[in-house]
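Chain by chain, the residues run as shown.
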Amino acid sequence: MKQWIERSKQVVTRHLAVALIAVVAVGSVATLNFTKSATAAVAAPAAAALDDNSVGALLTLDRAMETLAARVTPAVVNITVASKANAQQGDAGAEGMPDMQQFFGPGNPFGRQFGGRQFSFPSQPQNRMEHGLGSGVIISPDGYIVTNNHVIDGAVDIRVTMSNREVLSAKLVGADPLTDLAVIKVNGTNLPSVPWGNSANLHPGQTVLAFGNPYGFRFTVTRGIVSALNRPNPDASDRRKPGEFIQTDAAINPGNSGGALVDARGQLIGINTFLISSSGSFSGMGFAIPAQIVQPTVETLIRDGKVTHAYIGIQIADVTPDNAKFFQMNKAEGALISQVEPDAPGAKAGLRTGDVITELDGKPVTDAGQLQMTVGQKRPGETIHLQVMRDSKQTSVAVKLEALGGGRGTETAGGEHGKGRWGLSLGDLTPDVRNELQGQGQARGQGQGQGPVHGAVVEDVQPGSPADNAGLQRGDVIMEVNRHSVKSASEVAQALSGVPSGQDALVLVWSNGGSTFRVLHPAQG
């Protein structure tokens, strides 16, 4: 029995030893595998960067942008101003522009910006000091700097911060509110500057860089493209201001106003001026004054300290595909005269409402904005030669330009924009209503010296009607129908009823102190 027990112990011991050896072996294998895995994880090479050959074009572009930014930035300055606030200032400068987010303050054409944030203050009877900031660009080694008029308007102290953080006192050389441009100067020699470019050679899609000091963040550069050209003046409070703005998607924010817009060669092709946004910050639509307007204005300001603009004394609009046929135009090109101011240069030269200006001094006129800009750069006393389409015939008209001033108008580029089939209710224009309407136009600085308004007043417009679609509103006055003058509501109604079914009607409308042509399209169905 004892021997059997001893043999059993030996068997059990051998089995336990085998099991233990197996467990140890398994554990050893597991440890070995874990160690191998950890070692493999540490030893595995990281993902390699793309080689230069794969991204050579991008690297070349980056280097070009770096070179461009390094070249222009030293010529861009930060401008701070101190000005006396006007107790009567309000938001009148933004009237008619609900989506125009202002840069530089109440009472200026594009708002006021303080320290990167917008503030509004209650009116106070006493004067107070306000502080604003903006941007500028040096255009000559001796210290002439271009900025916006609304940046320095009313300033009693102007200081310029250079890219090396040196702060210099600046003096105002001259300003031109009509173009919203100004020139200031600092004392210096061999200062960095930006050469002029030719904005007439721009095309949508070209690369541009915008420089400035958005929200007080100094010496910022953004990159984008030319989104569009020849954008019209959006300031409904003064249609005399020239348009032709460059639109860009290079980010422009409050504080960029007065900064440089340059092309890929580092040439100054525009001065950043405003943005359009529902939020107050950049939304993809920034605008700059083109060098075509900036350079001659700046040269005149440096020479004379002010700009005296020439004018013809007409209100003009674009020829569009809608209205071209009414003026026997084969192409939708030219500047359509919708109003001629009595005793102005245009009237003296024989220009008429309904004329289409197709050439100026032998060069084609593509649209109203181009004509407005070109005439604005002429000097009073010059004689310009116009080619005019009138009643299907070309005629030449020489106009001796006069100086804009004394409350007189200038070329203002406008837009095209029972009730019966046209959706209109009309009334006769009484003397009281006529005087009231003309008074409204004179209060806006428009229509002064113009002959009496005549025609029929719009009393009601049916929503969705042809009249509504053409932009007619209660209080507008219809003065012509299909190029024929009308004197009363009955004459307007008769003329409109005489338009053949399915055909458009052209009406000359007095509205908001000026007149424009509108096309009424008949309702479909």
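What you are looking at is a predicted structure, and each value in this text was computed from that prediction instead of being measured.

Draft legend 1. Layout of the pattern of salt bridges. By the definition in use, this model includes seven salt bridges. Close ionic contact of Glu402 with Lys348 constitutes a salt bridge, the shortest N to O distance being 2.9 Å. Residue Glu402 is located in strand S21 (residues 402-403), and its partner Lys348 is located in helix H5 (residues 345-349); the two are separated by 54 residues in the primary sequence. By relative accessible area, Glu402 is classed as partly exposed at 23%.

Draft legend 2. Representation of the packing of aromatic side chains in the model. For the structure on display, the rule yields three aromatic pairs. With a centroid separation of 5.2 Å and an interplanar angle of 80°, the aromatic rings of Phe327 and Phe517 are classed as edge-to-face. For the pair Phe327 and Phe517, one class covers both residues: buried. What links up through ring pairs into an aromatic cluster is the set Phe245, Phe274 and Phe287. The residue whose ring lies beneath Lys185 is Tyr144, and the NZ or CZ to ring-centre distance is 5.3 Å.

Draft legend 3. Local environment of the side chain of Thr179. Here Thr179 shows up in the loop between strand S6 (167-176) and strand S7 (181-185). For Thr179, a relative accessible area of 6% gives the class buried. A distance of 2.6 Å separates polar atoms of two side chains, one belonging to Thr179 and the other to Asp176. Excluding its chain neighbours within four sequence positions, the residues that come into contact with Thr179 are Pro242, Ile289, Ile293, Thr297 and His309.

Draft legend 4. Structural view of the pairing of S7. For S7, a buried count of five out of five residues is recorded, marking the element as mostly surrounded by other parts of the structure. Residue alternation in S7 divides its side chains into two sets, Leu181, Val183 and Lys185 and Ala182 and Ile184, and both sets are buried. As paired strands, strand S4 (residues 144-147) and S7 are joined by four bridges and run antiparallel to one another. Among the inter-strand pairings, Ile145 is bridged to a residue of S7, identified as Ile184. Pairing of S6 with S7, which is carried by five bridges, proceeds in the antiparallel orientation. Across the sheet, the residue bridging to Ala175 is Ala182, located in S7. Where S6 folds back on S7, the antiparallel hairpin that results is connected by four residues, among which Asp180 adopts a positive phi of roughly 60°.

Draft legend 5. Broad picture of helix H9 (residues 489-497). All of the buried residues in H9 are Ala489, Val492 and Leu496. On an axial view of H9, the arc spanned by its buried residues comes to 65°, and they lie on one face. Exposed residues lying more than 90 degrees from the buried face of H9 are Gln494 and Ser497. Those residues of H9 hidden inside the fold are in contact with strand S23 (424-428), strand S24 (456-461), strand S25 (477-481), strand S27 (505-511) and strand S28 (514-520).

Draft legend 6. Just the confidence of the model for the chain, in detail. Per-residue pLDDT for the chain has a mean of 79; in total, 75% of the residues score no lower than 70. Within the chain, no element has a lower average pLDDT than strand S2 (residues 100-101), which sits at 36, and none a higher one than S4, at 98. Contacts of residues 87-125 to residues separated by more than four positions or lying in other chains number 95 contacts, the stretch itself having pLDDT below 50. Ignoring residues within four places in sequence, the model shows residues 443-450, a span with pLDDT below 50, making 16 contacts including any to other chains.

Draft legend 7. Representation of the side chain of Thr161 in the model. Tracing the sequence through the fold places Thr161 in strand S5 (residues 155-161). The exposure class assigned to Thr161 is buried, which follows from its relative accessible area of 4%. Discounting chain neighbours no more than four positions away, the residues touching Thr161 are Val77, Asn78, Glu166, Val167, Arg218 and Phe219.

Draft legend 8. A look at the pairing of strand S1 (residues 76-84). S1 sits mainly inside the fold: seven of its nine residues count as buried. As judged from the six bridges shared by S1 and S5, these two strands associate in the antiparallel manner. Pairing of Asn78 across the sheet is with Thr161, part of S5.

Draft legend 9. Quick look at helix H2 (residues 56-72). For H2, with 17 residues, the first-to-last C-alpha span of 24 Å sits near the 24 Å given by 1.5 Å per residue. For H2, every residue scored as buried is listed here: Met65, Leu68, Ala69 and Val72. All buried residues of H2 lie within an arc of 95° about the axis, which places them on one face of the element. Of the exposed residues in H2, the ones pointing more than 90 degrees away from its buried face are Glu66, Thr67 and Ala70.

Draft legend 10. Spotlight on unusual backbone geometry. Here the phi dihedral of Tyr215 falls at roughly 55°; this positive angle occurs in a residue that is not glycine. By secondary structure assignment, the location of Tyr215 is in the loop between strand S8 (207-212) and strand S9 (220-231). With a relative accessible area of 30%, Tyr215 lands in the partly exposed category. Although it is not a glycine, Asp391 sits at a positive phi angle of roughly 50°. Note on placement: Asp391 falls in the loop between strand S19 (383-390) and strand S20 (393-400).

Draft legend 11. Focus on the nonpolar core. In this structure, Ile79, Val160, Ile184 and Val262 are the most contacted members of the largest nonpolar core, which totals 43 residues. Beyond its immediate sequence surroundings of up to four residues, Val262 is in contact with Leu68, Val72, Val194, Thr207, Val208, Leu209, Phe211, Gln267, Leu268 and Ile269. In terms of nonpolar packing, the next biggest core, distinct from the first, is built from 20 residues, Ile314, Ile384, Leu386 and Val388 among them.

Draft legend 12. Broad picture of the environment of His131. Note on placement: His131 falls in strand S3 (residues 129-138). Judged by relative accessible area, His131 falls into the exposed class, the value being 53%. Taking C-alpha positions, His131 is 8.9 Å from Lys84, a pair spaced 47 residues apart along the chain.

Thresholds, definitions, all that
Residues numbered from 1 in each chain as written. Predicted model: local features only at pLDDT ≥ 70, side-chain atom pairs only at ≥ 80, totals over all residues. Heavy atoms only, no water. Salt bridge = Lys/Arg side-chain N within 4 Å of Asp/Glu carboxyl O. Helix = DSSP H or I, 4+ residues; strand = E, 2+ residues; numbered from the N terminus. Buried < 20%, exposed > 50% of the residue type's maximum accessible area, 1.4 Å probe, protein only. Phe/Tyr/Trp six-rings, centres within 6.5 Å; stacked < 30°, edge-to-face > 60°. Lys NZ or Arg CZ within 6 Å of the ring centre and 35° of its normal. Polar contact = N/O pair within 3.5 Å; in protein donor to acceptor, adjacent residues only side chain to side chain. Contact = heavy atoms within 4.5 Å. Pairing = 2+ DSSP bridges. Arc of directions from axis to C-beta. pLDDT = per-residue confidence, 0-100. Expected span 1.5 Å × (residues − 1). Core = buried A, V, L, I, M, F, W, Y, C linked by side-chain atoms within 4.5 Å.

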